[in-house]
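Residue strings, one per chain:
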Amino acid sequence: MNTLLKRTGFLIFALSAAACAAGNITDAPQARDATSVGSSSSSNAALSGAQVAVNFEPLEAGIWYTPGSINGQDDWSSLGASGAGCAPYDHKVVVNALATYSYPTFAVQSLRLSNAFTSGCFGDQTFSKRLANAAGESDADGGGFVLPGSVTKNHFEAQWDFASTVPGAEQPGLSVVASPDRGDGSRMSWVQMADAPGGLEINFFDVQGTSNPANFVGPTNVASGLDRTVPHTILITMDFVDGPSNDVVRVYVDGSLRHTGTSWENYYRYDSEAAAHLGKTPLVNRILFRTGGTAAPATLGNGFVVDAFSMRSGSAPTNKDQCKNGGWQTFDSPAFKNQGDCIQFVNTGK
């Protein structure tokens with residue numbers, strides 16, 4: 001396997017929150033299985049039952065988000081952007097009225113991300129605030145990054161809107177990757193937002209099989225040809241099932257299921273590079289927004305804006321038999337109103 005696809009430096013990071021890994025997944029511009037998606041259905045709405053919801057506004061639920069680095073604001077971290085990491089990443093809270101783009105649903109402020117600066121580091125990039133209850137398999141490891149009292153759930157969802165800061169033109173090489181994570185770069189999935197000549201794109205990597213080195217599959221194109229002049233919504237859901245080769249990851253774009261794959265669980269189980277994890281998969285309780293691979297210096301001060309960020313974790317069925325005989329009532333998804341809703345969730349993830 002291409003060594004650029006592999007994450008190293010687990011022990012190094014334990015010594016420093018801004019540790020650099022020896023390798024990183026490249027934000028490759030090539031993709032396969034392209035699916036064209038045109039208009040947006042972005043509504044700036046949080047997930048149903050969201051336990052974390054952030055719009056980056058000046059006064060939001062008693063939290064004052066201020067322009068500049070988001071590091072230290074409301075449990076977000078972004079050490080590099082605050083000058084304490086491997087690179088001065090161009091990740092900032094911005095005032096939308098001062099920009100040349102106009103997206104009314106994004107209101108006063110948003111989180112802006114570009115890959116003008118990149119590195120092979122993980123712990124100093126931008127991590128969202130945490131969920132109270134992390135998600136993962138029953139023996140998944142929090143690594144000391146979960147909140148006190150966290151109860152492990154088996155279902156995770158994260159959703160956000162994103163848009164180009166240059167709606168009238170391509171930003172060549174623009175790429176930002178979002179990954180469910182626990183706070184140190186122990187990623188369990190990979191969703192890339194990118195710009196291409198035909199419009200915005202969304203790509204995906206997962207790990208398939210039980211080989212050593214791990215078989216990273218991708219970039220698989222999830223959506224292409226997205227309109228640059230409007231925001232788009234990404235939803236990633238993860239269902240964690242004890243044992244290897246059985247996690248389910250779904251990626252939705254503008255309300256439609258575009259791809260179903262699996263997690264990175266088998267990287268942690270079988271790849272000798274991940275030996276520091278002792279065969280255990282990491283918990284997930286936040287999203288890592290990362291700019292690695294080839295830098296695109298011309299995107300400085302531009303890139304993507306992200307808004308309407310939300311997450312939830314919960315208990316969910318892993319097979320339809322768990323929904324029967326009143327079993328659906330034991331799961332806490334707000335979508336479960338009856339046995340049929342529960343079975344539909346197993347079949348579709350929604």
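What counts and how
Residues numbered from 1 in each chain as written. Predicted model: local features only at pLDDT ≥ 70, side-chain atom pairs only at ≥ 80, totals over all residues. Heavy atoms only, no water. Helix = DSSP H or I, 4+ residues; strand = E, 2+ residues; numbered from the N terminus. Buried < 20%, exposed > 50% of the residue type's maximum accessible area, 1.4 Å probe, protein only. Contact = heavy atoms within 4.5 Å. Areas by Shrake-Rupley, 256 points an atom, 1.4 Å probe, with all protein chains shown as cover. Pairing = 2+ DSSP bridges. Phe/Tyr/Trp six-rings, centres within 6.5 Å; stacked < 30°, edge-to-face > 60°. Core = buried A, V, L, I, M, F, W, Y, C linked by side-chain atoms within 4.5 Å. Disulfide = S-S within 2.5 Å. Salt bridge = Lys/Arg side-chain N within 4 Å of Asp/Glu carboxyl O. Arc of directions from axis to C-beta. Polar contact = N/O pair within 3.5 Å; in protein donor to acceptor, adjacent residues only side chain to side chain.

1. Describing the overall build of the protein
Move 1: The helix and strand inventory of the protein stands at three helices and 15 strands.
Move 2: Expressed as a percentage of its 350 residues, the buried residues of the protein come to 54%.
Move 3: In the protein, the proportion of contacts linking residues at least 24 apart, taken out of those at least 6 apart, comes to 71%.
Move 4: Summing over all exposed atoms, the protein offers an accessible surface of approximately 13,000 Å²; the carbon and sulfur share of this is 54%.

2. Some words on the pairing of strand β6 (residues 155-164)
Move 1: Extensive coverage of β6 is indicated by the burial of 10 of its 10 residues.
Move 2: Residues H155, E157, Q159, D161 and A163 of β6 are buried on one face, and the alternating residues F156, A158, W160, F162 and S164, pointing to the opposite face, are buried as well.
Move 3: Both β6 and strand β11 (residues 232-239) contribute to a ladder of eight bridges, which runs antiparallel. When the bridges of β11 are listed, D161 appears paired with T233.
Move 4: By the bridge criterion, nine bridges tie β6 to strand β15 (residues 304-314) in an arrangement that is antiparallel. Directly across from A158, in β15, lies its bridge partner M311.

3. Focus on the packing of aromatic side chains
Move 1: One pass over the full model with this rule turns up 12 aromatic pairs.
Move 2: Summarising the aromatic geometry, the rings of F56 and Y65 are spaced 5.9 Å apart at their centres and angled 75° between planes, so their arrangement reads as edge-to-face. In this pair, the class of F56 matches that of Y65, namely buried.
Move 3: With a centroid separation of 5.3 Å and an interplanar angle of 85°, the aromatic rings of F162 and F304 are classed as edge-to-face.

4. Observations concerning the sheet that holds strand β7 (residues 175-181)
Move 1: In space, the seven strands of this open sheet follow the order β2-β5-β14-β7-β8-β9-β10, with antiparallel pairing throughout. Of all strands in the sheet, those bounded by a partner on one side alone are β2 (77-78) and β10 (216-226).
Move 2: For strand β9 (residues 199-207) and β10, the ladder comprises six bridges, and the chain directions are antiparallel. Each bridged residue has a counterpart across the sheet, and for D206 the counterpart in β10 is V217.

5. A look at the nonpolar core
Move 1: Residues F156, W160, F162, F289 and F309 are the most contacted members of the largest nonpolar core, which totals 51 residues.
Move 2: Considering every element that reaches this core, the biggest residue donor is β9, with five residues.
Move 3: Counting seven residues, the second-largest nonpolar core is a separate cluster that includes A316, F336, F345 and V346.

6. What about the state of the cysteines?
Move 1: In total, this model carries two disulfides according to the counting rule given.
Move 2: Between the sulfur atoms of C86 and its disulfide partner C121 the distance amounts to 2.0 Å. Residues C86 and C121 are joined by a disulfide whose S-S torsion is about -90°; by sign, that bridge is left-handed. With a gap of 35 residues between them, C86 in the loop between β2 and β3 (91-95) and C121 in the loop between β4 (109-113) and β5 (126-127) connect regions that are remote in the sequence.
Move 3: Between C323 and C342 runs a disulfide, and the two sulfur atoms are separated by 2.0 Å. Taking the sign of the S-S torsion, -75° for the link of C323 and C342, the bridge is left-handed. A residue pair is termed long-range when its members are at least 10 positions apart, and C323 in the loop between β15 and α3 (339-348) and C342 in helix α3 qualify at 19 residues. For the residue pair C323 and C342, the accessibility class agrees, reading buried in each case.

7. Examining the pattern of salt bridges
Move 1: Considering all chains together, one arrives at 11 salt bridges under this definition.
Move 2: Between D239 and R250 there is a salt bridge, with its nearest N and O atoms 3.2 Å apart. With D239 in strand β11 and R250 in strand β12 (residues 248-253), the pair connects residues that are 11 residues apart, well separated along the chain.
Move 3: We classify D239 as buried; its relative accessible area is 8%.
Move 4: R250 sits in the buried class, given a relative accessible area of 8%.
Move 5: Of the charged contacts, one joins D321 and K324 as a salt bridge, the two residues approaching to 3.1 Å between their closest N and O atoms.
Move 6: One network of salt bridges, with partners in common, ties together E137, E265 and R269.

8. Here's the deal with α3
Two residues of an α-helix separated by three or four positions point the same way, owing to the 3.6 residues in each turn.
Move 1: Taken together, the buried positions of α3 are C342, F345 and V346. Buried positions in α3, seen along its axis, are confined to an arc of 95° and lie on one side of it.
Move 2: On its buried face, α3 is in contact with β6, β11 and β12.

9. Here we look at the side chain of R228
Move 1: Assignment of secondary structure puts R228 in the loop between β10 and β11.
Move 2: Side-chain polar atoms of R228 contact the backbone oxygen of A196, separated by 2.4 Å.

10. Examining the environment of V207
Move 1: Position of V207 relative to the elements: it lies in strand β9.
Move 2: Along the sequence, V207 and S189 sit 18 residues apart, while their C-alpha atoms lie 8.7 Å from each other.
Move 3: Excluding residues that lie within four positions of it along the chain, V207 makes contacts with A214, N215, F216, T262, S263, W264, N266 and Y267.

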